[in-house]
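Spelled out from the first residue to the last, the chains are:
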Amino acid sequence: MNVTVDFVLNGDAVSWQGDPARKLLDVLRDDLGQTSVKCGCREGECGACSVLLDGLLANSCLVAAGRLAGSEVTTMEGFRTTERFKVLDRAFASRSAVQCGYCIPGMVLSAEALLSQNARPTAEEVRLGISGNLCRCTGYNAIVDAILDASKEGEGLW
Ligand code: FES
Ligand code: FES
């Protein structure tokens, strides 16, 4: 049975209708055009599908659409309009921290979630913060350095 679920996506009100058991990953990609949200494993293991759900990092492949009522969802399509994104974007580019790019939307949202809680993390804290996001290309060091750079260059933004 289909239901109507009202939530906020990147600052805009959404009234979505469908099977409440569908996963947020599929709703975002297939119904709402949020193709930055990637599908890797569908098991909560890779972080490619990461979004911010009420400000906290969430694997959208594990979230049923029916529980979204009243929630705020942020994807890279929304986050990329922010000043914080610009700082992270510059830092990732300057450290050559993007190779194939598949993990990067999730990595950047993971960085945002971390820096929102801890604006000046240590390298170890960054590694822990992104530990739910797998990257098969970079070896992680450049990503960690980029997030550390962003935390310094974006002082006052987080
Ligand atoms: S697709 Fe969701 S964690 Fe891998
Ligand atoms: S840049 Fe390719 S998976 Fe991370």
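Residues numbered from 1 in each chain as written. Chains lettered and ligands numbered in written order. Predicted model: local features only at pLDDT ≥ 70, side-chain atom pairs only at ≥ 80, totals over all residues. Heavy atoms only, no water.

1. Things to note about the packing of helix H4 (residues 104–117) against helix H6 (residues 141–153)
And step 1. Where H4 meets H6, the closest approach of the two axes is 11 Å, and the angle between their N-to-C directions is 40°. With respect to each other, H4 and H6 are oriented oblique. Like other packed secondary-structure pairs, H4 and H6 cross with a definite hand, here right-handed. On the side of H4, the interface is formed by Ile 104, Met 107, Ala 111, Leu 114 and Leu 115, while H6 contributes Ile 143, Ile 147 and Ser 151. (Axes fitted to C-alpha atoms, helices over the stretch in contact; angles between N-to-C directions. Helix = DSSP H or I, 4+ residues; strand = E, 2+ residues; numbered from the N terminus. Parallel < 35°, antiparallel > 145°, perpendicular 65-115°, else oblique. Left-handed = near helix turned anticlockwise from the far one by under 90°. Contact = heavy atoms within 4.5 Å.)

2. Description of the packing of aromatic side chains
And step 1. Scanning the entire structure with this criterion turns up 1 aromatic pair.
And step 2. Aromatic pair Phe 79 and Phe 85: ring centres 6.1 Å apart, planes at 85°, arrangement edge-to-face.
And step 3. A residue is classified by how much of its surface remains accessible, and Phe 79, at 4% relative accessible area, is buried. (Phe/Tyr/Trp six-rings, centres within 6.5 Å; stacked < 30°, edge-to-face > 60°. Buried < 20%, exposed > 50% of the residue type's maximum accessible area, 1.4 Å probe, protein only.)

3. Side note on the domain arrangement of the protein
And step 1. Taken as a whole, the protein is organised into domain 1 (3–75) and domain 2 (82–153).
And step 2. Distance from the C-alpha centre of domain 1 to the C-alpha centre of domain 2: 22 Å.
And step 3. Across the boundary between the two partners, domain 1 contributes 15 residues, which contact 11 residues of domain 2.
And step 4. When residues of domain 1 are sorted by the area they lose upon contact with domain 2, Lys 38, Leu 52 and Leu 57 head the list and together hold 37% of the total.
And step 5. Linking domain 1 with domain 2 are 0 salt bridges.
And step 6. For the interface between domain 1 and domain 2, the tally reads 5 residue pairs in polar contact (both at pLDDT 80 or more).
And step 7. Elements with a minimum of two residues in the side of domain 1 that touches domain 2: strand E3 (50–53) and strand E4 (56–59).
And step 8. Of all the elements, E3 adds the most residues to the side of domain 1 that touches domain 2, at 3 residues. (Domains from an automatic or database assignment. Buried area = accessible area lost by both parts, 1.4 Å probe. Salt bridge = Lys/Arg side-chain N within 4 Å of Asp/Glu carboxyl O. Polar contact = N/O pair within 3.5 Å; in protein donor to acceptor, adjacent residues only side chain to side chain.)

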